[in-house]
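Working through the structure, step by step
So the chains spell out like this:
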Amino acid sequence: MSAIYMNMTIAFMASLTGMMMYRSHMMSSLLCLEGMMLSMFVMASLITLNSHYTLSYTIPLVLLVFSACEAAMGLALLVLVSNTYGSDYVQNLNLLRC
Amino acid sequence: MTLNVYYFLSILFVIGCVGFSVKPSPIYGGLSLIVSGALGCVIILGYGGSFLGLMVFLVFLGGMMVVFGYTTAMSMEQYPESWVSNVAVWSVMLFSLFMEGLLSYVWLNYDYIEVIVQFNNMGEWVIYDGEGGVGYLSEGPTGVGAIYSYNYWLMFVAGWSLFAGILITMQIIRGN
């Protein structure tokens, strides 16, 4: 494989690590989720473009569309949290703490 | 040392992805994601995928990032935290840049890395356009249009699940 796929994998790993570690905002984790999706889209597009396998152009497109829906759902949850607590800090999500 | 310009752009892509993964304030994270998205689009355009690059700009940046932008404006704080205002943020950013630079140095000198998968060349700058396939048509829109002919079941399932997803989102946002 070529070097650019390695960089896309590293970008995916960086965004995944960023999504798993919260700091203060929940919005930052949603942005890292979008970054994961973007790196997967670019990787799938490049593999399809380099191999000239025409039918798998639908894969990055459907991935993009599903990611848009998932972003909408994440933002709906964020808006709900923000309406309840006034901001989207993750320290507000402490109902299950004893 | 063979230099492929798309490898350099993908290094910038990784730097952009690290830029929002260290989690500054979301407005700066959104800016970094826009930069990464633009760079990803340029990489895809360079390999001949004009339709897919347009999809990145229209759907990803123009659709999703706009929504993220004004949702971030809703949850804004008075002093947003940038990349240099917190020790944790800029130290992790510097460390990630150093690691990426080290990886690029190893690449450009040895041209071979094997972690689990073997990465063994820089890639081609000019892509060989094979005979056959779709001929004079552009491959991108032809392949995407195949979602209506060869992949119609995918179209049906995706459409139905997105419809269900929209109803779920509306029920979530209704609250109470």
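The rules behind each value
- Residues numbered from 1 in each chain as written.
- Chains lettered and ligands numbered in written order.
- Predicted model: local features only at pLDDT ≥ 70, side-chain atom pairs only at ≥ 80, totals over all residues.
- Heavy atoms only, no water.
- Helix = DSSP H or I, 4+ residues; strand = E, 2+ residues; numbered from the N terminus.
- Rg over C-alpha atoms; globule rule 2.2 N^0.38 Å.
- Buried < 20%, exposed > 50% of the residue type's maximum accessible area, 1.4 Å probe, protein only.
- Areas by Shrake-Rupley, 256 points an atom, 1.4 Å probe, with all protein chains shown as cover.
- Domains from an automatic or database assignment.
- Salt bridge = Lys/Arg side-chain N within 4 Å of Asp/Glu carboxyl O.
- Core = buried A, V, L, I, M, F, W, Y, C linked by side-chain atoms within 4.5 Å.
- Contact = heavy atoms within 4.5 Å.
- UniProt positions renumbered as here; feature names shortened; annotations may be inferred.

Take the overall build of chain A next. Each helix and strand counted, chain A has 3 helices and 0 strands in total. The linear arrangement of helices and strands in chain A, starting from the amino end, is α-α-α. Relative to the globule expectation of 13 Å for 98 residues, the C-alpha radius of gyration of chain A, 17 Å, shows a markedly less compact shape. Counting all 98 residues of chain A, 57% fall into the buried class. Surface summary for chain A: the accessible area is close to 4200 Å², and the carbon and sulfur share equals 71%.

This part covers the domain arrangement of chain B. When cut into domains, chain B gives domain 1 (1-126) and domain 2 (138-175). Here the C-alpha centroids of domain 1 of chain B and domain 2 of chain B sit 27 Å apart.

In this structure the tally under the stated criterion is 1 salt bridge over all chains. Note that B:E81 and A:R23 form a salt bridge whose closest N and O atoms lie 2.7 Å from each other. You can see B:E81 sitting in the loop between α3 (50-74) and α4 (87-110) and its partner A:R23 sitting in the loop between α1 (3-20) and α2 (27-51), one on each of two chains.

Once that is clear, we can look at the nonpolar core. The biggest cluster of nonpolar side chains holds 59 residues, and the ones touching the most others in it are A:I4, A:F41, A:V42, B:F13, B:F60 and B:F68. Breaking this core down by element, the ones donating at least two residues are α1, α2 and α3 (58-85) of chain A together with α1 (5-21), α2 (26-46), α3 and α4 of chain B. Of all the elements, α2(A) adds the most residues to this core, at 12 residues. The residues contacting B:F13, other than those within four sequence positions of it, are A:M8, A:A11, A:L38, A:S39, A:V42, B:S36, B:L39 and B:G40.

The subject of this paragraph is the UniProt feature "transmembrane region" (unreviewed entry) in chain A. Summarizing the sequence annotation, UniProt attributes the feature "transmembrane region" (unreviewed entry) to residues 54-81 of chain A in the numbering used throughout. Secondary structure across residues 54-81 of chain A comprises 86% helix and 0% strand; the distance between its end C-alpha atoms is 43 Å.

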